[in-house]
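Each chain is listed here by its residues.
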Amino acid sequence: MSTNERITHWIGGKPWAGVTPPEGRRGEVYDPVTGEVAGFVDFASAAEVDEAVAAASRAYPEWRDASLARRTQVLFAFRELVNARQAELARLISAEHGKVQADAAGEVARGLEVVEFACGIPHLLKGGFSENVSTRVDSYSIRQPLGVCVGITPFNFPAMVPMWMFPVAIACGNTFVLKPSEKDPSASILLAELWAEAGLPDGVFNVVHGDKVTVDRLLEHPAVRAVSFVGSTPIARYVYENGTGHGKRVQALGGAKNHMVVLPDADLDLAADAAVSAGFGSAGERCMAISAVVAVDPIGDALVEKIKERTAELKVGPGFDDSSQMGPLVTGPHRDKVASYLDAGVREGARLVVDGRGHPIGGPAEGFWLGPSVFDHVTPQMSVYRDEIFGPVLSVLRAPSYEAAVECVNASPYGNGVAVFTNDGGAARRFQNEIEIGMVGINVPIPVPMAYYSFGGWKSSLFGDTHVHGTEGVHFYTRGKVVTARWLDPSHGGVNLGFPTNR
Ligand code: NAD
């Protein structure tokens, strides 16, 4: 991306042709490696949101009536195009987000799995049929699309998280308006171009960039039927309350504080590898990152030693350098906020056993760098534990027993992901049963469900009733109808004011 590049909306099958908005209605997009402004992204006003929703509303009747065969043809074509352009998408993501390219490629691959799932939509939309529910009367169920659906997504997965939503929504016959993160908006525009190339009719998929003004208009717009949100817990709660207050169906996935419980019988080398990979991958900017390791006595000291050794060896540098394992953080203010927790943790009595501020960095000093840090002897009262830091800071807590570890995890207000490391099948089975978290890993640190299962947390990690993608996604983007039919039955018995019974 060249300096001063303008990134604008995608409305009605093409880039938005409006005038450059005045200063203040656009945002800066950074190159996190150099810290320089790489471009500007337009922020949609309420009127521009209305244009996008109008385009989606106009496109709806034709797309709703498109045969399942036609919809799947477009989905298959889109799948092929995304597959062919994976490397380009990964480069775009890495350039604006900062994550290393292998990680960006992984995110595109996980997003593609949802497209592949959505290619099976004819099977997923099959209803039920009951013959002779009454004499010569049949009954059957149908799931129909909702209309214009909206996705509002976070910076940390600029391709995958939108792809949790729109392939399923569009496959179900809806039209879609995406409001991606203003921090890394370019991947969404490439995806829009690929939809157009795949033959999706104009207006079925639209992108508006922006901020709170943009989001607020989407939440109140009368033509918007459903909102899928992924982001931090305070905004998720806000979107859920405002969206449902305006009569919309809303699923709002929030923040996380994911624990990894290490039982005394676990393979400590495996557990240390997993804690470092899941704690520092994508610089800890993952909703499924491990941020709290709960070491059950007596293995705490040995585990921390192994985590320290591995952390010291991590290579931090630009995402485009194949030898980098961790890139910079997304923006300067975010890096500063994450770094402020290192002082806060020490002040509150945790032991900073690895200080990322001293870690060797393989990039320009002006980039948004912060090396990986490890705190030991963290307690649930400390801000490093309570807050979602969303950066490369791993906290280790000590627990005297299995029961104390489970109690600690279950007391967390977040409920996105959790992992247990053990060689004891009985303990693992008990853990999966007792833990109050939406996604559980057993010797798997980042248990992101496959596309044909649904993704979502519990408690303050999800507002709403349904998780994303999988059959719950299909359910979210459709509503049910049941038809009761009698055909050409001369024996209806004439006028009868009684309530219909099934005999
Ligand atoms: P964020 O909440 O700041 O932003 C998410 C979206 O909301 C963006 O599109 C943003 O423009 C918009 N937004 C921001 N402030 C707003 C406001 N005041 N009013 C209306 N809209 C607003 O989140 P982020 O920093 O982009 O992403 C990181 C967060 O997302 C972390 O908390 C992470 O845990 C969470 N996340 C959760 C999941 C999950 O599956 N639960 C997945 C990915 C990320």
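Residues numbered from 1 in each chain as written. Predicted model: local features only at pLDDT ≥ 70, side-chain atom pairs only at ≥ 80, totals over all residues. Heavy atoms only, no water.

## Side note on the nonpolar core
Generally speaking, a soluble globular protein has its nonpolar side chains buried in company with each other. Core analysis: the largest hydrophobic core is formed by 68 residues, its most contacted members being Trp-164, Phe-176 and Phe-205. Take this core: its biggest share by element is 10 residues, from helix α6 (residues 160-171). Those residues in contact with Phe-205, other than ones at most four positions away along the chain, are Trp-10, Phe-166, Ile-170, Phe-176, Leu-178, Ser-188, Ala-192, Trp-195 and Leu-200. In this structure, Leu-268, Ala-275, Ala-278 and Leu-342 belong to the second largest nonpolar core, which totals 62 residues. (Core = buried A, V, L, I, M, F, W, Y, C linked by side-chain atoms within 4.5 Å. Buried < 20%, exposed > 50% of the residue type's maximum accessible area, 1.4 Å probe, protein only. Helix = DSSP H or I, 4+ residues; strand = E, 2+ residues; numbered from the N terminus. Contact = heavy atoms within 4.5 Å.)

## So, the site of the ligand
Taken together, the neighbourhood of the ligand is formed by 27 residues, with Lys-179, Glu-182, Ser-232, Gly-254 and Glu-388 sitting nearest. Contact distances for the ligand include 3.0 Å between an oxygen atom and a backbone N or O atom of Phe-155. At 2.7 Å, a side-chain N or O of Lys-179 approaches an oxygen atom of the ligand. Mapped onto the shell around the ligand, the elements with two or more residues apiece are α8 (212-220) and β11 (224-230). Here the residues of the shell around the ligand are counted per class, giving 14 nonpolar, nine polar and four charged. (Near = heavy atom within 4 Å. Polar contact = N/O pair within 3.5 Å; in protein donor to acceptor, adjacent residues only side chain to side chain. Nonpolar A, V, L, I, M, F, W, Y, C, P; charged D, E, K, R; others polar.)

## Thoughts on the domain arrangement of the protein
Accessible area lost upon the coming together of the parts is a frequently used measure of interface size. Each assigned domain of the protein is listed with its residue range as follows: domain 1 (45-254 + 461-482) and domain 2 (258-442). Taking only C-alpha atoms into account, the centre of domain 1 sits 32 Å from that of domain 2. Across the boundary between the two partners, domain 1 contributes 14 residues, which contact 18 residues of domain 2. Of the roughly 1,400 Å² buried at the junction of domain 1 and domain 2 (both faces included), carbon and sulfur atoms supply 57%. It is Val-100, Phe-155 and Ser-461 in domain 1 that bury the most area against domain 2; as a group they hold 33% of the surface buried on that side. For the interface between domain 1 and domain 2, the tally reads one salt bridge. Among the ionic pairs, Arg-286 bridges to Asp-103, the shortest N-O distance being 2.8 Å. (Domains from an automatic or database assignment. Buried area = accessible area lost by both parts, 1.4 Å probe. Salt bridge = Lys/Arg side-chain N within 4 Å of Asp/Glu carboxyl O.)

## Description of helix α9 (residues 233-245)
If you check α9, its first and last C-alpha atoms are 18 Å apart, about what 13 residues at 1.5 Å a residue would give, namely 18 Å. Among all positions in α9, only Thr-233, Ala-236, Val-239 and Gly-243 are buried. The arc that holds the buried residues of α9, viewed along the axis, is 120 degrees, so those residues lie on one side. Of the residues in α9, the exposed ones pointing more than 90 degrees away from the buried face are Pro-234, Glu-241 and Gly-245. (Expected span 1.5 Å × (residues − 1). Arc of directions from axis to C-beta.)

## Points about the sheet that holds strand β1 (residues 5-7)
Sheet architecture is open: three strands sit in the order β1-β5-β4, paired in mixed fashion. Edge positions in the sheet fall to β1 and β4 (26-31), since each has one partner strand and no second. Pairwise comparison of adjacent strand axes, ignoring direction, gives a mean angle of 35 degrees for this sheet. In the sheet, β1 pairs with strand β5 (residues 36-42) via three bridges, with the strands oriented parallel. Opposite Ile-7, over in β5, you have Val-41 as the bridge partner. (Pairing = 2+ DSSP bridges. Axes fitted to C-alpha atoms, helices over the stretch in contact; angles between N-to-C directions.)

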